[in-house]
Amino acid sequence: MPLNGPEVLGPALRDPDQKFWDPEMQTMDRSRLRALQDERLRDMVRRVFERPVPMFRRKLESAGITGPGDVTSIDDLERIPLTVKQDLRDSEAAAPPFGDYRFTPASDCVRYGQSTGTTGTPTAMLWTRHDIWVEYESAARNWWRMGYRPGMSATHAHPAYLYGGGLMLTGTYEYFGLLNIWVPPPDTDELAELGINTWLRLKPDIPFVGFSLGRYFEVIGKMGLDPFKDVGLKIPSMGGGGRGMPLMTAGLECYAYLGGACGKSPGAHIHEDWCVVQAVDPETGREVPDGEWGNLVVTTLGRDSGLIRYDLEEACALDRGPCSCGESTIRGFWGGRFKDLVASQGTRFQVSELEKALRDMVPEVAKPSLEYVVVKPRADEQPLVVRVEFGGDGDPAGVADRCAGAIKDKLGVTATVEILARETLPRAGYKANRVVDE
């Protein structure tokens, strides 16, 4: 292969009928996979001490790990303290701009990005060519599982610029061999129409899905079009078999394409050659039994840079049972971000649970899109306040009562539902803020 040329931009061609993108890794014997994980973890710990990587060296030494030889296998991970996003922020503030937790200097990297900052100050992200390749190969496994094949066309509306999500998704599509149709996030009706008109002209094989799908449904309705027949949109089915959503990502700052669903068994197959995923009790630092909810803790492997025992402060559960699809990796479930939990009247729930109750039991408020906010209660005993837009012909008071009934039935929480006119609440082109202060 030449050092320069189109061949280096993408992977070798596959037989479109083969079952897996990377059969060797996806079906590897568990003992071989474990040996690979152990080897890659030992290499990572060695680099912590030899480079050094100050933040992680401090964490290791605080646990009595004073040299590379003190960590021999992934069983030793439970000895290592957890790292949370605030640790990364503190490190970047103390040693600007990139902190002292990096395994690789910025001069060896080719891409910079930032987190969205939805949970606080944005953290900086750096990727080498190799680390981008790990993400692209991991995503390719997902796309292949989903039935995508090179030569198809796909569309998305991820934001870009300093936020790295749009560029990462674009890169995975192009690396895989899809015609990438990247439209702008629908921050305004005009931008939404630009994407919609592009889809009408090109008819992507893989229609748009994403955080702003509801926003597109709303604008499509204003254009007098049918979102399914005219535009070809689809509502994705990502069920987790009653145990949460498939665990598919650990965020851009950690591992964007952590795993993917196979469609045969619930959950998502974790790409274990590139990571160790644990469901951890944050109080003890130890893993919880399989099937139980714990904190999602990820240690990346085989990267130029990485994170050790990174606690995303999100809920996950693991299943190590065999899967009929033939992949040998464990499967993971995602239970939501703890920051999105709402506490009211002795009950803790995810906003997505409330949203599902409204969609299932009061469908008229979801046409053309469900627009709502939850007012964060100041005291546990207070009724929950939920504001919902409604523009139909029904009685607003009756709709409010039905919404409150749906929330009570599904969540066991008493809610005061305020009905608002359509387009009262602010719109978002990417992630909408559904929890607000009074």
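Since this is a predicted model, take the numbers as computed values, not measurements.

Pulling in residues and values, what's your account of the side chain of threonine 128?
Here threonine 128 is to be found in the loop between strand S2 (124–127) and helix H5 (129–145). Residue contacts for threonine 128: discarding those within four places in its chain leaves Thr104, Asp108, Cys109, Val110 and Asp304.

Got a sec to walk through the nonpolar core? Specific residues and values, please.
With 40 residues, the main nonpolar core has Phe56, Leu258, Val277, Val298 and Ile308 as its most contacted residues. When residues of this core are assigned to their parent elements, the largest contribution, 5 residues, is made by helix H2 (residues 30–50). Not counting chain neighbours up to four residues away, the residues in contact with valine 277 comprise Leu247, Leu258, Ile270, Leu296, Val297, Val298, Leu318 and Ile330. Formed by 25 residues, the second largest nonpolar core is a distinct cluster that contains Val342, Leu370, Val388 and Val417.

Describe a nonpolar patch on the surface, with residues and values.
A grouping of Tyr112, Tyr161 and Leu162 is seen on the molecular surface, where their side chains present a nonpolar patch of about 410 Å² in accessible area. Looking at the element boundaries, tyrosine 112 is found in strand S1 (residues 111–114). By relative accessible area, which is 37% here, tyrosine 112 ends up partly exposed.

For the packing of aromatic side chains, give the residues involved together with the corresponding values.
The geometry of two aromatic rings is summed up by the distance between their centres and the angle between their planes. Tallying each qualifying case throughout the model produces 16 aromatic pairs. Relative to phenylalanine 103, the ring of phenylalanine 56 lies with its centre 6.0 Å away and its plane at 40°, an arrangement referred to as tilted. Separated by 47 residues along the polypeptide, phenylalanine 56 in helix H3 (residues 54–62) and phenylalanine 103 in the loop between helix H4 (85–94) and S1 bring together distant segments of the chain. A residue is classified by how much of its surface remains accessible, and phenylalanine 56, at 2% relative accessible area, is buried.

Reading guide: rules and limits
Residues numbered from 1 in each chain as written. Predicted model: local features only at pLDDT ≥ 70, side-chain atom pairs only at ≥ 80, totals over all residues. Heavy atoms only, no water. Helix = DSSP H or I, 4+ residues; strand = E, 2+ residues; numbered from the N terminus. Contact = heavy atoms within 4.5 Å. Core = buried A, V, L, I, M, F, W, Y, C linked by side-chain atoms within 4.5 Å. Buried < 20%, exposed > 50% of the residue type's maximum accessible area, 1.4 Å probe, protein only. Patch = residues over 30% accessible without salt bridge, like charges linked within 9 Å, V, L, I, M, F, W, Y side chains within 5 Å. Areas by Shrake-Rupley, 256 points an atom, 1.4 Å probe, with all protein chains shown as cover. Salt bridge = Lys/Arg side-chain N within 4 Å of Asp/Glu carboxyl O. Phe/Tyr/Trp six-rings, centres within 6.5 Å; stacked < 30°, edge-to-face > 60°.

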